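What follows is each chain in one-letter form.
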Amino acid sequence: MREIVFWAMAIAAVVTAWRVFRADSMVRAAYWLMASFVAVGVILVLLGAEFLGLVLLLMMAGEMTIMAVFMVMFMMNPAGLNPMTMVHQHRTSIVAGVVAFAGLAGVGILGRFPDARVSEPDRATAQLGGELLGDSMLVFETAGVALLATMIGALAIASSKGRYGGADEGSAPPELGRAGEPPTTKAGERDTGEQRAGQHEAEDEHAGHGGTMSGMEM
Amino acid sequence: MGSVTGSPGSSIAPIAAAVTVLLLLGIGIYAVAVLDRLVGRAVAREPLRLRAVLIAPVREAALLLMQQRISTERPDAQLWAFAPALLGALAAAGLAVVPASGGSGMTGSIPGMSAGIVYFGAAMAIVMVAVFLQGWAANSVLPLIGGYRFVAQALSYEMPLALVLIAAALPAQSLSVVEIVRSQHAVWNVVRQPLGLPLYLIAASGLAFWGPLNFPDGADLVGGTAAELSGAPLLFWKAARTAVLVAAAAMGAAAFLDGWWGPFIPGPLWMALKTLALLVIIILAGHLLDRVRLERFVVVSWVVLIPVALVDVFLSGLVALWTGGQGGGP
Amino acid sequence: MSTQVLLVLAAPLFGIGVYGALSQQSFVMIMMGLELMLNGAILAAATFWSLSAGGTPKGQLLAVVVMAVMAVEAAMGFALVVNVYRIRKADITEKLKALRG
């Protein structure tokens, strides 16, 4: 029974990974990737790394939804209603992919790996916890600080307020007037500036919101 | 999904388990529909009319099944059919780890899944995917807005939900829901973790987008993600969403109200009573409170609820260390 | 479910990820290729932990670190994508030509 589930999930993982880049609808591409992660998560649970598999599922649900939201934001064609292919250096990348696959699969088949199965699968989670808070506490703390730095950095980069005003206005200091005089109004308060800021406001909020959401992951 | 060693001869048990879980979900959905009407009538101070209320969900279901099914122009048909099915499957998956009695899972065929709480958390995280797909697939504006609102809401309640369940797991020194229930036999979690149950109820009503947190299907979006649904798909969507509420309430009863434990009547009946109690609280909140604004809920969730949940985890850890912890095993 | 089978399963995930990261024009699709590569890496790490390393807890730690890397890369990647769009109005790689030639 476990073998059947394993083979089904194995085939599903590879097929859905392939379909990610063949899908016309971008939201479907994001969720094909999610399906690939679900398959890998189930395989992880079958391997005995129960906690890891479930946490992978938990993480990827949020992450793939954010990817779908970003797809809709950035792609010309998020629903795939007008199919078009946007690839560059196609043959090179196919060759690179095949070389990567051949190399890794070659190592997998020809390499000799020790055969030491996990001895106490029921204690895997407890052992992970003990390891994280015991011997590898430094790794744990560093990962925590790295995630904090990521959150702050992502918010700082994606936030919609620049130093001098709105993000598309204020990332550079205000320019000089025509005769070299300093500007009479602050950047972002000019009439045209305001109009443009208002026009971009929806997109900035959207993008800022998306940046906030992605920065608050995990 | 058991341990690496698996368990031979358990091929018939999963089918029985699935059927039992679906039956329980069906009963739960009917119970929520009846309770919703009863509580609504009580709050509005109308006569209760028990017989009419008991028949009403069946009538509504029959009406929806007979209704004509209207579709939109160029929807994503496969995703549109997939989303309610996914939501229902997640509710069933979430309910399956909740123990009904002193055995292991709901029917004993998920033998001692050692990370039941995380499994529940993962199932409830994928609910975000299901509701977003439901909003996306209709190729229509209002469902899309509803789907986006649910993404914002889901990211906001997910952290308090996970943290509060972790706090409930701390005294048990185990992630298994069975162990969590066993660790409460002396003192219920609702007593020794007073912040836990209110936070969990808020997160649960956000999870099933019920009442004050009904952003994706709200009336200001004319039904939101359900706006373009009619007929049988609308019935399945409402049923799936109610099923998620039932699963969340059942897990709340297990994690905070000590599941099947109780003096005179058998375990599963206590479990049902405690689940119904939590359901009544959530439904009452749904009838008494207005739907809040999404921006305000997001801000409150990130700024207030997550720190409160962290305080809850900290206090729960302190109490667990102080009393030396109960239960045992991984 | 031996080591060979699982590694031969993780290899095409990685290979498809490489293909995606190199061939796609849109930033978000490139990130999906990167996520697939990390997916293959997590699977390989968990394989070694479960079947070749006797369940030493540091194997799970490696998988956890790779998951943390996924989260960091996704978050910073999206933040940069948003900012690049804001400044250069570029949503595909072809539009970032300021340093070319």
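Residues numbered from 1 in each chain as written. Chains lettered and ligands numbered in written order. Predicted model: local features only at pLDDT ≥ 70, side-chain atom pairs only at ≥ 80, totals over all residues.

Visitor: Just give me the short version of the overall build of chain A, but keep the residues and values in it.
Guide: Secondary structure assignment for chain A yields 8 helices and 0 strands. Mapped in sequence order, the helices and strands of chain A form the string α-α-α-α-α-α-α-α. Residue burial in chain A is summarised as follows: out of 218 residues, 41% are buried. Here the contacts in chain A between residues at least 6 apart in sequence split such that 57% fall between residues at least 24 apart. (Helix = DSSP H or I, 4+ residues; strand = E, 2+ residues; numbered from the N terminus. Buried ≥ 20, exposed ≤ 12 C-beta atoms within 10 Å, placed from the backbone. Contact = placed C-beta atoms within 7 Å.)

Visitor: Go over the overall build of chain C, please, and point to the residues and values.
Guide: Helices and strands together make up the secondary structure of chain C, namely 3 helices and 0 strands. Overall, chain C shows an N-to-C arrangement of helices and strands of α-α-α. Over its C-alpha trace chain C gives a radius of gyration of 17 Å, far above what one expects of a compact globule, namely 13 Å for 101 residues. Dimensions of chain C, computed from the C-alpha atoms along their principal axes, are close to 50 × 25 × 20 Å. Partitioning the intrachain contacts of chain C with sequence separation of at least 6 by distance along the chain shows that 50% fall at a separation of at least 24. (Rg over C-alpha atoms; globule rule 2.2 N^0.38 Å.)

Visitor: Explain helix 8 (residues 196–207) of chain B residue by residue, including any values.
Guide: Residue and element names in this part refer to chain B. Here helix 8 is 12 residues long and its end C-alpha atoms lie 16 Å apart, about the 16 Å a rise of 1.5 Å per residue gives. The buried count for helix 8 comes to 10 of 12 residues, which makes it a mostly enclosed element. Within helix 8, the full set of buried residues consists of G196, L197, L199, Y200, I202, A203, A204, S205, G206 and L207. Lining the buried residues of helix 8 we find helix 4 (116–137), helix 5 (141–169), helix 7 (189–192), helix 9 (232–256), helix 10 (267–288) and helix 11 (294–323). (Expected span 1.5 Å × (residues − 1).)

Visitor: Which residues make up the interface of chain C and chain A, and what values do they have?
Guide: Each partner contributes residues to the interface: chain C has 63 residues there, and chain A has 79 residues. Elements with a minimum of two residues in the side of chain C that touches chain A: helix 1 (3–23), helix 2 (27–52) and helix 3 (57–88) of chain C. With 22 residues, helix 3 of chain C is the largest single contributor of residues to the side of chain C that touches chain A. Taken together, the residues that form the side of chain C that touches chain A break down as 42 nonpolar, 16 polar and 5 charged. (Nonpolar A, V, L, I, M, F, W, Y, C, P; charged D, E, K, R; others polar.)

Visitor: Describe helix 5 (residues 124–133) of chain A, listing the residues and the values that go with them.
Guide: Buried within helix 5 of chain A are the following residues: A:A124, A:T125, A:Q127, A:L128 and A:E131. Looking straight down helix 5 of chain A, one finds that the buried residues subtend no more than 160 degrees of arc, so they occupy a single side. The inward-facing, buried residues of helix 5 of chain A abut helix 3 (50–74) of chain A together with helix 3 of chain C. (Arc of directions from axis to C-beta.)

Visitor: I'd love a proper account of the interface of chain B and chain A, names of residues and values included.
Guide: Taken together, the contacts link 24 residues of chain B with 28 residues of chain A. Elements with a contribution of two residues or more to the side of chain B that touches chain A: helix 4 and helix 5 of chain B. If one sorts the elements of the side of chain B that touches chain A by residue count, helix 4 of chain B sits on top with 10 residues. A breakdown of the residues in the side of chain B that touches chain A according to their chemical character gives 16 nonpolar, 6 polar and 2 charged.

Visitor: Talk me through the environment of A:M76; I want residue IDs and the actual numbers.
Guide: Residues and elements named next belong to chain A. Mapped onto the fold, M76 is located in the loop between helix 3 and helix 4 (90–110). Overall, the presence of 11 C-beta atoms within 10 Å leaves M76 in the exposed class. For the pair M76 and M64, spaced 12 residues apart in the sequence, the C-alpha separation amounts to 19 Å.

Visitor: Give a detailed account of the packing of helix 3 (residues 77–96) of chain B against helix 9 of chain B, specifying residues and quantitative values.
Guide: Residue and element names in this part refer to chain B. One way to put it is that helix 3 packs onto helix 9 with a least axis distance of 8 Å and a crossing angle of 20 degrees. Classified by the interaxial angle, the pair formed by helix 3 and helix 9 is roughly parallel. Here helix 3 runs over helix 9; the crossing is left-handed. Across from P84, L87, G88, L90, A91, G94 and L95 in helix 3, the residues of helix 9 making contact are P233, F236, W237, A239, A240, R241, A243, V244, V246, A247, A250 and M251. The class makeup of the residues in the contact of helix 3 with helix 9 is 16 nonpolar, 2 polar and 1 charged. (Axes fitted to C-alpha atoms, helices over the stretch in contact; angles between N-to-C directions. Parallel < 35°, antiparallel > 145°, perpendicular 65-115°, else oblique. Left-handed = near helix turned anticlockwise from the far one by under 90°.)

Visitor: Describe the confidence of the model for chain C, listing the residues and the values that go with them.
Guide: All names here are of chain C. On average, residues of chain C carry a pLDDT of 89, and 99% of them reach 70 or more. When pLDDT is averaged over each helix and strand of chain C, the minimum, 90, is found for helix 3 and the maximum, 93, for helix 1. We note a pTM of 0.85 for the whole complex and an ipTM of 0.91 for its interfaces. (pLDDT = per-residue confidence, 0-100.)

Visitor: Tell me about the confidence of the model for chain A, and please be specific about residues and values.
Guide: Residue-level pLDDT values for chain A average 79, and 73% of them are 70 or greater. Note on residues 187–218 of chain A: pLDDT under 50 across the span, and 68 contacts to partners over four residues away in sequence or across chains.

Visitor: Give me the lowdown on unusual backbone geometry, citing residues and values where you can.
Guide: With a phi angle near 40 degrees, A:Q89 is a residue other than glycine that sits in the positive phi range. Its place among the elements puts A:Q89 in the loop between helix 3 and helix 4. If you check the backbone angles, B:R45 has positive phi at about 55 degrees while not being a glycine. Secondary-structure assignment places B:R45 in the loop between helix 1 (13–43) and helix 2 (50–66).

Visitor: Could you give an account of the packing of helix 3 of chain A against helix 4 of chain B, with specific residues and numbers?
Guide: Where helix 3 of chain A contacts helix 4 of chain B, the axes come no closer than 9 Å and their chain directions differ by 20 degrees. The orientation of helix 3 of chain A relative to helix 4 of chain B falls into the category roughly parallel. Where helix 3 of chain A crosses over helix 4 of chain B, the two elements pack in a sense that is left-handed. Residue-level inspection shows A:F51, A:L54, A:V55, A:L57, A:L58, A:A61, A:G62, A:T65 and A:A68 of helix 3 of chain A in contact with helix 4 of chain B, the latter providing B:V118, B:Y119, B:G121, B:A122, B:A125, B:I126, B:M128, B:V129 and B:F132. Split into classes, the residues belonging to the contact of helix 3 of chain A with helix 4 of chain B amount to 15 nonpolar, 3 polar and no charged.

Visitor: Describe in detail the environment of B:Q184, supporting the description with residues and values.
Guide: Residue and element names in this part refer to chain B. Tracing the chain through its elements places Q184 in the loop between helix 6 (177–182) and helix 7. Residues Q184 and D258, spaced 74 residues apart in sequence, show a C-alpha to C-alpha distance of 5.7 Å. The contact partners of Q184, leaving out residues within four places of it in the chain, are N189 and D258.

Visitor: Explain the environment of B:W270 to me, and be specific about the residues and the numbers.
Guide: All names here are of chain B. Its location among the elements puts W270 in helix 10. Using a count of 21 C-beta atoms within 10 Å as the deciding quantity, one classes W270 as buried. For the pair formed by W270 and W260, sequence separation is 10 residues and the distance between their alpha carbons is 5.4 Å. Beyond its immediate stretch of four places on either side in the chain, W270 contacts W260, W261, G262 and I265.

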